[in-house]
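Each chain is listed here by its residues.
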Amino acid sequence: MDDNKQNAEPAGTAVSTAEDNSQNYYENKNYDNYDTFDYMEEAKRINTREEPSTAAKVALILIAVYFNVIGAIIGIIVGAVYMGKEGAGYKSYGRMLLIVSIVFLVIDILMFIVLASAVYNVFSMLYYYY
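It should be emphasised that the depicted structure is a prediction, and the values quoted were computed from it without experimental measurement.

## Some details on the pattern of salt bridges
Here is step 1 of the chain: In the structure shown here, the tally under the stated rule is one salt bridge.
Here is step 2 of the chain: Where Lys57 meets Glu51, a salt bridge forms, and the shortest distance between an N and an O atom there is 3.3 Å.
Here is step 3 of the chain: Its relative accessible area of 24% is what places Lys57 among the partly exposed residues.

Set out below in structure tokens:
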């Protein structure tokens, strides 16, 4: 590749010649306009008297979704407690957690009913055949 041609290109732009196919397509050389989001600074910014921390929000949603009935009950209890707190962030997150927990509790109960009826049908068929 010609050194003059390489120097003529502005910094951060990729040269699109057949000779320069070795450069990674996803590599970004222009770091001047790169917008970073610092999660650690965002975590420090959160006033825990007004709203729950991001880690608590994520953990409670995961508990409510993945631990079936017990997680949904925990989510309902914590959501009700958060709705009773003073901060607006706690109230809105508590309402959202309460709704998600109730929805997943209803889904879990419906799935249990479907599973129980399927097992009942299998056992009743086995009873009549034998």
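After presenting the structure, the write-up continues.
## Some thoughts on helix α5 (residues 88-129)
Here is step 1 of the chain: For α5, with 42 residues, the first-to-last C-alpha span of 62 Å sits near the 62 Å given by 1.5 Å per residue.
Here is step 2 of the chain: By the burial criterion, the buried members of α5 are Tyr90, Tyr93, Gly94, Leu97, Ser101, Leu105, Asp108 and Ser124.
Here is step 3 of the chain: Residues of α5 that are buried sit in contact with α3 (54-66) and α4 (68-83).

## Description of the nonpolar core
Here is step 1 of the chain: With seven residues, the main nonpolar core is built from Leu60, Ala64, Val78, Tyr82, Tyr90, Tyr93 and Leu97.
Here is step 2 of the chain: Counting residues per element, this core draws most heavily on α5, at three residues.
Here is step 3 of the chain: The contact partners of Tyr82, leaving out residues within four places of it in the chain, are Pro52, Leu60, Tyr90, Lys91, Tyr93 and Gly94.

## Notes on the side chain of Asp108
Here is step 1 of the chain: Note on placement: Asp108 falls in helix α5.
Here is step 2 of the chain: Notably, Asp108 is buried but unbridged: the nearest opposite-charge side chain belongs to Arg95, and the N-O separation is 22 Å.
Here is step 3 of the chain: If near-sequence neighbours (up to four positions away) are discounted, Asp108 is found in contact with Asn68 and Val69.

## A few points about the packing of aromatic side chains
Here is step 1 of the chain: Within the structure shown, the criterion is met by three aromatic pairs.
Here is step 2 of the chain: An angle of 70° between the planes, with centres 5.0 Å apart, marks the rings of Tyr82 and Tyr90 as edge-to-face.
Here is step 3 of the chain: The exposure class of Tyr82 is buried, given its relative accessible area of 14%.
Here is step 4 of the chain: In this structure Tyr90 comes out as buried when scored by relative accessible area, which is 8%.
Here is step 5 of the chain: In this structure an aromatic cluster arises from ring pairing among Tyr82, Tyr90 and Tyr93.
Here is step 6 of the chain: Directly above the ring of Tyr90 sits Lys85, whose terminal nitrogen or CZ lies 4.6 Å from the centroid.

About the cut-offs
Residues numbered from 1 in each chain as written. Predicted model: local features only at pLDDT ≥ 70, side-chain atom pairs only at ≥ 80, totals over all residues. Heavy atoms only, no water. Salt bridge = Lys/Arg side-chain N within 4 Å of Asp/Glu carboxyl O. Buried < 20%, exposed > 50% of the residue type's maximum accessible area, 1.4 Å probe, protein only. Helix = DSSP H or I, 4+ residues; strand = E, 2+ residues; numbered from the N terminus. Expected span 1.5 Å × (residues − 1). Contact = heavy atoms within 4.5 Å. Core = buried A, V, L, I, M, F, W, Y, C linked by side-chain atoms within 4.5 Å. Lys, Arg positive; Asp, Glu negative; His and termini not counted. Phe/Tyr/Trp six-rings, centres within 6.5 Å; stacked < 30°, edge-to-face > 60°. Lys NZ or Arg CZ within 6 Å of the ring centre and 35° of its normal.

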